[in-house]
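Analysis of the macromolecular model
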Amino acid sequence: MAPTHGSFAHPLSRRRLLTVGAVATGAALAGAPARATAGPAVIALPNGFRPEGITIGGGPYAYLGSLGDGSVCRADLRTGAGSIVSAGPGTPSVGLKLDDRGRLFIAGRGQGARVMDARSGEILGSYVLSTTTPTFANDVFLTPRAAWFTDSYQPALYALPLGRHGELPGADDVVRITLGGAWSQVPGEIVNANGITRTPDGSALLVVQSGVGALHRVNPRTGVTELVDLGDAAPLTNGDGLLLIGRTLYVVQNRQNAIDVFTLAADGRSGLFRRRITDPAFDVPTTVAAYKGRLYLPNARFTTTPTPETTYAVVSVPK
(Lines give C-alpha, C1' and ligand atoms only; values in the text may rest on other atoms or scores of the structure.)
Protein backbone atom coordinates (compact mmCIF):
# COMPACT_ATOMS: atom_id res chain seq x y z
CA MET A 1 0.00 0.00 0.00
CA ALA A 2 1.30 3.46 -0.80
CA PRO A 3 2.02 5.77 2.15
CA THR A 4 -0.60 8.10 3.46
CA HIS A 5 0.35 11.48 4.89
CA GLY A 6 -1.02 14.69 6.32
CA SER A 7 -0.20 18.26 5.36
CA PHE A 8 3.51 17.85 4.60
CA ALA A 9 4.14 20.31 1.81
CA HIS A 10 6.03 18.19 -0.69
CA PRO A 11 5.30 14.76 -2.19
CA LEU A 12 6.98 11.95 -0.27
CA SER A 13 9.51 9.83 -2.10
CA ARG A 14 12.18 7.33 -1.22
CA ARG A 15 14.79 10.00 -1.90
CA ARG A 16 13.11 12.37 0.53
CA LEU A 17 12.43 9.85 3.29
CA LEU A 18 15.50 7.63 2.98
CA THR A 19 18.80 9.15 1.90
CA VAL A 20 22.01 7.12 1.69
CA GLY A 21 23.78 7.23 5.02
CA ALA A 22 22.48 7.71 8.54
CA VAL A 23 22.14 10.97 10.40
CA ALA A 24 25.40 12.04 12.04
CA THR A 25 25.46 11.50 15.77
CA GLY A 26 25.81 14.18 18.40
CA ALA A 27 29.56 14.77 18.58
CA ALA A 28 29.16 18.42 19.51
CA LEU A 29 26.73 17.55 22.28
CA ALA A 30 28.97 14.95 23.88
CA GLY A 31 32.30 16.77 23.62
CA ALA A 32 34.40 13.67 22.92
CA PRO A 33 38.14 13.79 23.71
CA ALA A 34 40.56 13.06 20.92
CA ARG A 35 41.57 9.83 22.62
CA ALA A 36 39.45 7.87 25.04
CA THR A 37 40.42 5.12 27.43
CA ALA A 38 38.25 2.07 27.99
CA GLY A 39 35.66 2.61 30.68
CA PRO A 40 34.00 0.11 33.01
CA ALA A 41 32.64 -3.11 31.53
CA VAL A 42 29.45 -2.80 33.60
CA ILE A 43 27.74 0.54 34.25
CA ALA A 44 25.14 0.58 37.00
CA LEU A 45 21.82 2.32 36.35
CA PRO A 46 19.38 3.61 38.99
CA ASN A 47 17.55 0.87 40.86
CA GLY A 48 14.15 0.18 39.34
CA PHE A 49 15.03 2.01 36.11
CA ARG A 50 13.98 -0.80 33.70
CA PRO A 51 16.10 0.16 30.63
CA GLU A 52 15.26 -0.90 27.08
CA GLY A 53 16.69 1.48 24.47
CA ILE A 54 20.21 2.91 24.25
CA THR A 55 21.82 5.51 21.99
CA ILE A 56 25.31 7.01 21.89
CA GLY A 57 26.39 10.15 20.06
CA GLY A 58 29.88 11.13 18.98
CA GLY A 59 31.13 11.47 22.54
CA PRO A 60 31.39 9.15 25.54
CA TYR A 61 27.80 9.43 26.77
CA ALA A 62 24.98 6.92 26.47
CA TYR A 63 21.30 7.82 26.79
CA LEU A 64 18.81 5.21 27.99
CA GLY A 65 15.04 5.20 28.32
CA SER A 66 12.98 3.64 31.11
CA LEU A 67 10.17 1.17 30.44
CA GLY A 68 8.78 2.11 33.82
CA ASP A 69 8.07 5.84 33.96
CA GLY A 70 9.76 6.92 30.71
CA SER A 71 12.66 8.77 32.35
CA VAL A 72 15.85 9.28 30.36
CA CYS A 73 19.23 8.61 31.95
CA ARG A 74 22.66 9.75 30.72
CA ALA A 75 25.71 7.60 31.56
CA ASP A 76 29.37 8.56 31.16
CA LEU A 77 31.06 5.63 29.41
CA ARG A 78 34.48 6.62 30.78
CA THR A 79 33.58 6.67 34.46
CA GLY A 80 30.23 4.91 34.78
CA ALA A 81 28.70 7.98 36.44
CA GLY A 82 25.15 8.78 35.45
CA SER A 83 22.10 10.86 36.17
CA ILE A 84 18.48 11.30 35.15
CA VAL A 85 18.33 14.10 32.56
CA SER A 86 14.57 13.99 32.07
CA ALA A 87 11.95 12.76 34.51
CA GLY A 88 9.51 10.50 32.76
CA PRO A 89 5.96 11.38 31.74
CA GLY A 90 4.73 8.24 33.50
CA THR A 91 4.55 6.24 30.27
CA PRO A 92 7.27 4.00 28.78
CA SER A 93 10.31 5.06 26.78
CA VAL A 94 11.38 2.19 24.54
CA GLY A 95 13.81 2.68 21.63
CA LEU A 96 15.56 6.03 21.26
CA LYS A 97 18.11 7.70 18.95
CA LEU A 98 20.21 10.86 19.26
CA ASP A 99 20.75 13.13 16.26
CA ASP A 100 23.51 15.67 15.56
CA ARG A 101 21.34 18.51 16.88
CA GLY A 102 21.20 17.04 20.36
CA ARG A 103 17.63 15.78 19.96
CA LEU A 104 16.43 12.43 21.26
CA PHE A 105 13.73 10.69 19.22
CA ILE A 106 11.88 8.35 21.58
CA ALA A 107 9.44 5.51 20.85
CA GLY A 108 6.74 5.60 23.50
CA ARG A 109 4.97 2.26 23.11
CA GLY A 110 1.18 2.94 23.04
CA GLN A 111 1.74 6.68 23.46
CA GLY A 112 3.41 7.17 20.08
CA ALA A 113 6.63 9.19 19.90
CA ARG A 114 8.22 12.29 21.32
CA VAL A 115 11.31 14.36 20.61
CA MET A 116 13.37 15.69 23.51
CA ASP A 117 16.24 18.14 23.86
CA ALA A 118 18.98 15.97 25.39
CA ARG A 119 20.59 18.95 27.12
CA SER A 120 17.58 20.49 28.81
CA GLY A 121 15.05 17.65 28.83
CA GLU A 122 12.51 19.90 27.09
CA ILE A 123 9.94 18.08 24.95
CA LEU A 124 10.19 19.51 21.44
CA GLY A 125 7.37 17.53 19.86
CA SER A 126 4.88 14.74 20.56
CA TYR A 127 3.25 12.53 17.94
CA VAL A 128 0.39 10.06 17.81
CA LEU A 129 1.73 7.42 15.44
CA SER A 130 -1.37 5.26 15.19
CA THR A 131 -5.01 5.42 16.21
CA THR A 132 -5.32 1.65 15.79
CA THR A 133 -5.23 -0.45 18.95
CA PRO A 134 -3.31 -2.23 20.19
CA THR A 135 -0.17 -0.40 19.09
CA PHE A 136 3.42 -0.60 20.34
CA ALA A 137 5.94 1.97 19.06
CA ASN A 138 9.08 -0.02 19.78
CA ASP A 139 12.22 1.21 18.05
CA VAL A 140 13.42 4.18 15.98
CA PHE A 141 16.03 4.80 13.28
CA LEU A 142 17.14 8.14 11.86
CA THR A 143 17.92 8.99 8.25
CA PRO A 144 18.75 12.50 7.02
CA ARG A 145 15.11 13.02 5.99
CA ALA A 146 13.05 11.08 8.49
CA ALA A 147 12.73 9.35 11.83
CA TRP A 148 11.34 5.83 11.32
CA PHE A 149 9.43 3.93 14.02
CA THR A 150 8.42 0.27 14.21
CA ASP A 151 5.11 -0.98 15.61
CA SER A 152 5.32 -4.38 17.27
CA TYR A 153 1.54 -4.90 17.24
CA GLN A 154 0.55 -3.51 13.82
CA PRO A 155 2.02 -4.35 10.35
CA ALA A 156 3.25 -0.82 9.79
CA LEU A 157 6.14 1.59 9.99
CA TYR A 158 5.75 5.28 10.78
CA ALA A 159 7.93 8.14 9.55
CA LEU A 160 8.32 11.66 10.87
CA PRO A 161 9.50 13.63 7.80
CA LEU A 162 12.21 16.16 8.65
CA GLY A 163 12.61 19.51 6.93
CA ARG A 164 15.59 20.60 4.87
CA HIS A 165 17.36 21.84 7.98
CA GLY A 166 16.07 19.11 10.26
CA GLU A 167 12.86 20.90 11.22
CA LEU A 168 10.36 18.68 13.01
CA PRO A 169 7.05 18.00 11.25
CA GLY A 170 3.65 19.03 12.49
CA ALA A 171 1.61 16.69 14.64
CA ASP A 172 -0.55 15.68 11.64
CA ASP A 173 2.33 14.90 9.29
CA VAL A 174 3.06 11.36 10.44
CA VAL A 175 3.49 8.97 7.49
CA ARG A 176 2.21 5.40 7.80
CA ILE A 177 3.70 2.67 5.63
CA THR A 178 1.78 -0.62 5.64
CA LEU A 179 4.04 -3.68 5.52
CA GLY A 180 3.38 -6.19 2.76
CA GLY A 181 5.19 -8.60 0.46
CA ALA A 182 6.91 -11.30 2.51
CA TRP A 183 5.61 -9.81 5.76
CA SER A 184 3.20 -12.10 7.61
CA GLN A 185 1.87 -10.52 10.80
CA VAL A 186 1.54 -12.83 13.79
CA PRO A 187 -1.90 -12.08 15.30
CA GLY A 188 -2.41 -10.93 18.85
CA GLU A 189 -0.15 -8.95 21.12
CA ILE A 190 2.98 -10.74 19.92
CA VAL A 191 6.16 -8.79 19.20
CA ASN A 192 6.37 -8.51 15.41
CA ALA A 193 8.38 -5.57 14.02
CA ASN A 194 11.11 -4.63 16.46
CA GLY A 195 14.63 -3.35 15.71
CA ILE A 196 15.20 -1.19 12.64
CA THR A 197 18.18 0.08 10.64
CA ARG A 198 19.09 0.59 6.96
CA THR A 199 20.84 -1.45 4.31
CA PRO A 200 24.56 -0.70 3.83
CA ASP A 201 23.89 1.20 0.59
CA GLY A 202 20.99 3.14 2.13
CA SER A 203 18.49 1.95 -0.48
CA ALA A 204 16.07 0.29 1.96
CA LEU A 205 15.28 -0.35 5.60
CA LEU A 206 15.94 -3.52 7.59
CA VAL A 207 13.45 -4.66 10.24
CA VAL A 208 13.67 -7.73 12.47
CA GLN A 209 10.42 -9.58 13.18
CA SER A 210 10.94 -10.96 16.67
CA GLY A 211 8.11 -13.47 16.85
CA VAL A 212 9.30 -15.48 13.84
CA GLY A 213 13.02 -14.65 13.99
CA ALA A 214 13.15 -13.16 10.47
CA LEU A 215 15.01 -10.19 9.02
CA HIS A 216 13.13 -8.17 6.38
CA ARG A 217 14.34 -5.71 3.77
CA VAL A 218 11.65 -3.02 3.47
CA ASN A 219 11.01 -0.71 0.53
CA PRO A 220 10.47 2.64 2.31
CA ARG A 221 8.08 3.96 -0.36
CA THR A 222 5.74 0.99 -0.63
CA GLY A 223 6.26 -1.08 2.51
CA VAL A 224 6.84 -4.21 0.39
CA THR A 225 9.25 -6.49 2.22
CA GLU A 226 11.45 -9.41 1.24
CA LEU A 227 13.21 -11.83 3.55
CA VAL A 228 16.94 -11.29 3.86
CA ASP A 229 18.79 -14.47 2.92
CA LEU A 230 21.04 -15.27 5.88
CA GLY A 231 22.10 -18.67 4.58
CA ASP A 232 22.35 -21.41 7.17
CA ALA A 233 22.18 -19.04 10.13
CA ALA A 234 19.70 -19.98 12.83
CA PRO A 235 16.49 -17.92 13.07
CA LEU A 236 16.91 -14.60 14.84
CA THR A 237 14.82 -15.79 17.74
CA ASN A 238 13.72 -12.89 19.95
CA GLY A 239 15.56 -10.52 17.62
CA ASP A 240 15.57 -7.05 19.14
CA GLY A 241 17.95 -4.13 18.57
CA LEU A 242 19.84 -3.77 15.28
CA LEU A 243 23.12 -1.92 14.73
CA LEU A 244 24.76 -1.47 11.33
CA ILE A 245 28.41 -0.40 11.07
CA GLY A 246 29.60 -0.40 7.47
CA ARG A 247 28.41 -3.75 6.18
CA THR A 248 28.50 -5.42 9.59
CA LEU A 249 25.10 -6.00 11.18
CA TYR A 250 24.76 -6.73 14.90
CA VAL A 251 21.46 -8.37 15.92
CA VAL A 252 20.61 -8.56 19.62
CA GLN A 253 18.62 -11.65 20.61
CA ASN A 254 17.38 -10.68 24.02
CA ARG A 255 16.37 -13.89 25.80
CA GLN A 256 19.21 -15.77 24.10
CA ASN A 257 21.64 -13.36 25.82
CA ALA A 258 23.49 -13.08 22.54
CA ILE A 259 24.41 -10.86 19.61
CA ASP A 260 24.67 -12.47 16.17
CA VAL A 261 27.03 -10.74 13.75
CA PHE A 262 26.57 -10.77 9.95
CA THR A 263 28.30 -9.33 6.92
CA LEU A 264 25.62 -7.99 4.59
CA ALA A 265 25.53 -7.47 0.86
CA ALA A 266 25.48 -3.77 -0.01
CA ASP A 267 21.77 -3.88 -0.90
CA GLY A 268 20.91 -5.85 2.23
CA ARG A 269 19.29 -8.74 0.39
CA SER A 270 21.67 -11.34 1.81
CA GLY A 271 24.15 -11.79 4.60
CA LEU A 272 26.73 -14.22 5.98
CA PHE A 273 26.83 -15.23 9.63
CA ARG A 274 30.23 -14.43 11.16
CA ARG A 275 30.05 -15.10 14.89
CA ARG A 276 28.00 -14.91 18.08
CA ILE A 277 28.90 -12.62 20.97
CA THR A 278 27.87 -13.61 24.49
CA ASP A 279 28.94 -12.50 27.95
CA PRO A 280 28.25 -13.85 31.45
CA ALA A 281 27.03 -10.39 32.48
CA PHE A 282 24.20 -10.38 29.90
CA ASP A 283 20.76 -10.56 31.50
CA VAL A 284 18.26 -10.18 28.65
CA PRO A 285 19.97 -7.34 26.76
CA THR A 286 17.64 -5.59 24.35
CA THR A 287 19.38 -2.97 22.23
CA VAL A 288 22.94 -2.03 21.28
CA ALA A 289 25.04 1.03 20.51
CA ALA A 290 28.75 1.40 19.80
CA TYR A 291 31.56 3.67 20.93
CA LYS A 292 35.34 3.43 20.44
CA GLY A 293 35.48 -0.24 19.45
CA ARG A 294 33.03 -1.48 22.07
CA LEU A 295 29.35 -2.39 22.13
CA TYR A 296 27.04 -1.24 24.92
CA LEU A 297 23.84 -3.12 25.80
CA PRO A 298 21.28 -2.45 28.55
CA ASN A 299 20.16 -5.46 30.56
CA ALA A 300 16.36 -5.30 30.53
CA ARG A 301 16.11 -8.35 32.83
CA PHE A 302 12.71 -9.37 31.46
CA THR A 303 12.89 -12.69 33.35
CA THR A 304 13.17 -10.83 36.68
CA THR A 305 10.07 -9.36 38.34
CA PRO A 306 10.66 -5.60 38.44
CA THR A 307 10.55 -3.78 41.76
CA PRO A 308 11.70 -0.30 42.80
CA GLU A 309 14.89 -1.93 44.14
CA THR A 310 15.69 -4.19 41.17
CA THR A 311 19.20 -3.49 39.90
CA TYR A 312 19.93 -2.73 36.25
CA ALA A 313 23.10 -2.12 34.26
CA VAL A 314 24.67 -1.51 30.87
CA VAL A 315 27.16 -4.16 29.76
CA SER A 316 30.11 -3.38 27.48
CA VAL A 317 31.82 -5.95 25.23
CA PRO A 318 34.39 -5.62 22.41
CA LYS A 319 33.00 -5.33 18.88
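Residues numbered from 1 in each chain as written. Predicted model: local features only at pLDDT ≥ 70, side-chain atom pairs only at ≥ 80, totals over all residues. Heavy atoms only, no water.

**Considering the environment of glycine 293**
With respect to the helices and strands, glycine 293 occurs in the loop between strand S23 (289-291) and strand S24 (294-298). Classification of glycine 293 by relative accessible area gives partly exposed; the value is 37%. Sequence-wise, glycine 293 and alanine 38 are 255 residues apart; in three dimensions their C-alpha atoms are separated by 9.3 Å. (Helix = DSSP H or I, 4+ residues; strand = E, 2+ residues; numbered from the N terminus. Buried < 20%, exposed > 50% of the residue type's maximum accessible area, 1.4 Å probe, protein only.)

**Description of the environment of aspartate 283**
Position of aspartate 283 among the secondary structure elements: in the loop between strand S22 (271-277) and S23. Between the C-alpha atoms of aspartate 283 and asparagine 254, which are 29 residues apart in sequence, the distance is 8.2 Å.

**Observations regarding the side chain of aspartate 151**
Mapping aspartate 151 onto the fold places it in strand S11 (residues 146-151). Salt bridges are absent for the buried aspartate 151, whose nearest opposite-charge side chain, arginine 176, sits at 5.7 Å. Within polar-contact distance, the side chain of aspartate 151 engages the backbone nitrogen of tyrosine 153 at 2.9 Å. Among all residues touching aspartate 151, those that are not within four sequence positions of it are Ser130, Thr135, Phe136, Ala156, Tyr158 and Ala193. (Lys, Arg positive; Asp, Glu negative; His and termini not counted. Salt bridge = Lys/Arg side-chain N within 4 Å of Asp/Glu carboxyl O. Polar contact = N/O pair within 3.5 Å; in protein donor to acceptor, adjacent residues only side chain to side chain. Contact = heavy atoms within 4.5 Å.)

**Description of the confidence of the model for the protein**
Residue-level pLDDT values for the protein average 90, and 88% of them are 70 or greater. A low-confidence stretch, residues 18-36 stays under pLDDT 50, and its non-local contacts, those more than four residues away or across chains, total 61 contacts. (pLDDT = per-residue confidence, 0-100.)

**Here's the deal with the sheet that holds strand S4 (residues 72-76)**
One open sheet holds the four strands; their spatial order is S2-S3-S4-S5, and the pairing between them is antiparallel. The sheet terminates laterally at strand S2 (51-56) and strand S5 (82-86), the two strands that pair on one side only. For this sheet, the mean inter-axis angle between neighbouring strands, taken without regard to orientation, is 30°. Here five bridges tie strand S3 (residues 61-66) to S4, and the two strands are oriented antiparallel to one another. Across the sheet, residue tyrosine 63 finds its bridge partner in S4, namely arginine 74. (Pairing = 2+ DSSP bridges. Axes fitted to C-alpha atoms, helices over the stretch in contact; angles between N-to-C directions.)

**Section: the nonpolar core**
Counting 16 residues, the largest nonpolar core has Phe105, Leu129, Ala147, Phe149 and Leu160 as its most contacted members. Those elements that place two or more of their residues in this core are strand S7 (103-107), strand S8 (113-117), strand S10 (137-143), S11 and strand S12 (156-161). What leucine 129 contacts, discounting residues up to four positions off in sequence, is Gly112, Ala113, Ala137, Phe149, Tyr158, Leu160 and Val174. Core analysis: the next-biggest nonpolar cluster, separate from the first, contains 15 residues, Ile54, Ile56, Leu77 and Val314 among them. (Core = buried A, V, L, I, M, F, W, Y, C linked by side-chain atoms within 4.5 Å.)

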